[in-house]
Amino acid sequence: MGCNSSAAPRPKPPSKITVYYWGPHGEMNFYGRAIGIYLTLDQAKFPYEMKTPDKLPDGFVANGSSDPKAYAPPAVEIDGTCMAQSAQILAVLGEMFGLGGNTPAEKMQVLHALGDLQDVFDLHGKFESDDALKKKWFGYLEKKLNGKTWMGGTPEPSIADFHGVFSFVWIEGKKIDFSDYPNVTKWWQDIKTYPVVAKMLASCENGRKMVPV
């Protein structure tokens, strides 16, 4: 069977979405691991409810539970079904709201980029002591962005770029220098000035932070 490059029909939007995280509404007062989720929902202009993790339904708890159904935050509830894992949540939201690519080729590139940005977050703590690892990853992203504005090669930011905001506020907060990589530097400046991201950044005042760094 040959590849079909046409866009698939978008799923019907959900009735209700709740994000469970400490977030800007909780006592920790930062956006944290839910950054990409909040940005995706804001970009989709979908009204969502924010609750702290202790409000997860059916007694599910955030940490320290022997219950195999326990969720580590952030978690989302979409029309009564809960899931955790930020990147996987973003993959679902991207499909729902058309922010994960439109054609099969775009979707492949966006999901690949989403995984890349998760890897960057997972490894960034080693960049200060392991220059070779830092060069490997920033060099990879630099090549990935050749001829592109956004990480997944889409016309506008996708879930990959919004998840990248989470990764890069940590990198910036730890003062990890990537100025030798012009494509990466330009992407970071562009995504920070994109309206939904700029609005979130501007909201970080009176003790509120993007991440606790």
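Just so you know, the residues in each chain are numbered from 1, in the order the chain's sequence is written. pLDDT decides what is reported in this predicted model: residues at 70 or higher carry local features, side-chain atom pairs at 80 or more are listed and counted, and totals for whole chains, interfaces and linings draw on all residues regardless. Side-chain numbers here rest on the full set of heavy atoms in the structure, without hydrogens or water.

Comments concerning the overall build of the chain
A run of H or I in DSSP counts as a helix once it spans at least four residues, and a run of E counts as a strand once it spans at least two, with each numbered from the N terminus. Assigned secondary structure in the chain consists of 7 helices and 4 strands. Shown N-terminal to C-terminal, the secondary structure of the chain runs as helices and strands in the order β-α-β-β-β-α-α-α-α-α-α. Throughout, exposure labels follow a simple rule: accessible area from a 1.4 Å probe, protein chains only, divided by the maximum for the residue type, with under 20% read as buried, over 50% as exposed, and the rest as partly exposed. Considering the chain as a whole, with its 213 residues, one finds that 47% of them fall into the buried category. Considering only intrachain contacts with a sequence separation of at least 6, the fraction spanning at least 24 residues in the chain is 69%. Every accessible area reported is derived by Shrake-Rupley at a probe size of 1.4 Å, with residue values counting cover from the shown protein chains alone. Working note: accessible area of the chain is about 10900 Å², and carbon and sulfur atoms make up 53% of it. Whether two residues are in contact is decided by their heavy atoms: any pair within 4.5 Å suffices.

Digging into the environment of L145
Looking at where L145 falls in the secondary structure, it is placed in the loop between α4 (131-144) and α5 (159-173). Residues L145 and N183, 38 residues apart in the sequence, show an inter-C-alpha distance of 6.0 Å. Apart from residues no more than four positions distant in its own chain, L145 is found in contact with W150, M151, N183, V184 and W187.

Observations concerning the packing of aromatic side chains
For any pair of aromatic rings, geometry is given as the distance between the ring centres together with the angle between the planes. Ring geometry is summarised as follows: Phe, Tyr and Trp rings, the Trp one being its six-membered ring, pair when their centres sit within 6.5 Å, and such pairs are stacked at plane angles under 30 degrees, edge-to-face over 60 and tilted between the two. Enumeration according to the criterion identifies 17 aromatic pairs in this entry. Three or more aromatic residues joined by ring pairs form one cluster here, namely F127, F138, F168, F178, Y181, W187 and W188.

Some thoughts on helix α6 (residues 182-193)
For α6, spanning 12 residues, the distance from its first C-alpha to its last is 17 Å, which sits close to the expected 16 Å at 1.5 Å a residue. For α6, the complete set of buried residues consists of V184, W187, W188, I191 and K192. Along the axis of α6, the buried residues cluster in a sector spanning 125 degrees; they form a single face. Exposed residues on α6 whose side chains face more than 90 degrees from its buried face are P182 and T193. Looking at the buried side of α6, the elements it contacts are α4, α5 and α7 (195-202). One less than the number of residues in a helix, times 1.5 Å, gives the span that helix is expected to have. In this description, the arc belongs to the directions extending from the helix axis to the C-beta atoms.

Observations regarding unusual backbone geometry
A positive phi angle is found at N29, which is not glycine, with a value near 60 degrees. Of note, N29 is situated in the loop between β1 (17-20) and α1 (35-43). Non-glycine residue Q85 carries a positive phi angle of around 75 degrees. What makes Q85 exposed here is its relative accessible area of 54%.

A word on the pattern of salt bridges
Salt bridge criterion: a side-chain nitrogen from Lys or Arg within 4 Å of a carboxyl oxygen from Asp or Glu. Scanning all chains against the criterion turns up 8 salt bridges. The closest approach of N and O atoms between K51 and E49, which form a salt bridge, is 3.8 Å. For K51, a relative accessible area of 28% corresponds to the partly exposed category. Given a relative accessible area of 31%, E49 falls into the partly exposed group. It is possible to trace a salt-bridge network through shared partners that takes in K16, E49 and K51.

A closer look at the pairing of strand β3 (residues 75-78)
Side chains A75 and E77 project from β3 onto one buried face, and the interleaved V76 and I78 project onto a second face that is buried too. Paired strands, in this sense, are two strands between which DSSP finds at least two bridges. Strand direction decides the pairing type here: β1 and β3, joined by 4 bridges, are antiparallel. Each residue of the ladder has a partner; that of V19, found in β3, is V76. Taken together, β3 and the strand that follows it, strand β4 (residues 81-84), pair antiparallel across an intervening segment of 2 residues, in which D79 is found at a positive phi of about 50 degrees.

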